[in-house]
Amino acid sequence: MAVDRVRGYLYVVDSANFRIQKFDETGEFIMQWGSFGNNDGQFYFARGIAVDQTDGTVYVVDMGNHRIQKFDTSSNVLPQLLTKWGGGIGPGHASSAQAREPGQFRSPWGINIDEAGDVFVSDTGNQRLQKFDRDGNFITQWGGFGTNEGQFNFPYGLGVDSRGHVFVVDSGNMRVQEFMPAEEAEDHFQEEEALAFIPEAAE
């Protein structure tokens, strides 16, 4: 579920019905979109959803299709697909080595957006977090399977606060991990605070 706080809308992932439903702030139904499949605007067990508060665009984690879809919902007619990324490898995607490449996913789950419009995705099957700009261009990634700080065992939900700190539900390790932007790390480490940091953009 995601809330458009500026415009007063509520978006619900109706995963088993392969659709997204939109409501107003009183719970009145407005519209729905989606169906089962892998074409544009279709879903295969959608999971996470997020709203960009600046323009109301909606990002949906299309888990079974291993991709993110971004929609223009500025009117109450059928939303238009603006862009998508990930997926597209074809049959055997989840077992393909290509699914580990930056910008690809294995059964992604959570999604959130910071105040700069950057998009964070929990790439659950790859045991990592990925960061993108609002157009889906890859910025950086971090994680890997394990129990150490900064590693994950099936990361699911995630949140971003007003400071740009990212909070990740590391489900298999039964913990939540907090990450700070890299530019803050030096000051925090000098104060001996035990927080990991988000890597800067990959080269």
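Located above this text is the structure these notes cover.
Parameters and conventions
Residues numbered from 1 in each chain as written. Predicted model: local features only at pLDDT ≥ 70, side-chain atom pairs only at ≥ 80, totals over all residues. Heavy atoms only, no water. Phe/Tyr/Trp six-rings, centres within 6.5 Å; stacked < 30°, edge-to-face > 60°. Helix = DSSP H or I, 4+ residues; strand = E, 2+ residues; numbered from the N terminus. Buried < 20%, exposed > 50% of the residue type's maximum accessible area, 1.4 Å probe, protein only. Lys NZ or Arg CZ within 6 Å of the ring centre and 35° of its normal. Pairing = 2+ DSSP bridges. Core = buried A, V, L, I, M, F, W, Y, C linked by side-chain atoms within 4.5 Å. Contact = heavy atoms within 4.5 Å.

(A) Geometry of the packing of aromatic side chains. Under the criterion given, the structure shown has 16 aromatic pairs. When the ring of tryptophan 85 is compared with that of phenylalanine 132, the centres are 5.4 Å apart and the planes differ by 50°; the resulting orientation is tilted. A residue pair is termed long-range when its members are at least 10 positions apart, and tryptophan 85 in strand β8 (residues 80-86) and phenylalanine 132 in strand β11 (residues 128-132) qualify at 47 residues. A residue is classified by how much of its surface remains accessible, and phenylalanine 132, at 0% relative accessible area, is buried. A connected cluster of aromatic rings, assembled from ring pairs, spans Tyr59, Trp85, Phe105, Phe132 and Phe138. Taking NZ or CZ as reference, lysine 22 lies 4.1 Å from the ring centre of tyrosine 9, over its face.

(B) Local environment of the pairing of strand β15 (residues 175-181). By the bridge criterion, five bridges tie strand β14 (residues 166-170) to β15 in an arrangement that is antiparallel. For phenylalanine 167, the partnering residue across the bridge sits in β15 and is glutamate 178. Between β14 and β15, which follow one another and run antiparallel, lie four residues, and methionine 174 among them has a positive phi close to 55°.

(C) Here's a closer look at the nonpolar core. Membership of the largest hydrophobic core comes to 13 residues, with the highest contact counts inside it found for Tyr11, Ile20, Trp33, Phe43, Ile49, Val58 and Val60. Broken down by secondary-structure element, the contributors of at least two residues to this core are β2 (9-14), β4 (29-33), β5 (46-51) and β6 (58-62). Per-element tally for this core: the top contributor is β5, with three residues. For tyrosine 11, the contacting residues outside a window of four places in its chain are Met1, Ala2, Asp4, Ile20, Gln21, Lys22, Trp33, Ile49, Val51, Gly56, Val58 and Thr73. Listed in part, the 11 residues of the second largest apolar core include Tyr59, Ile111, Ile113 and Val121.

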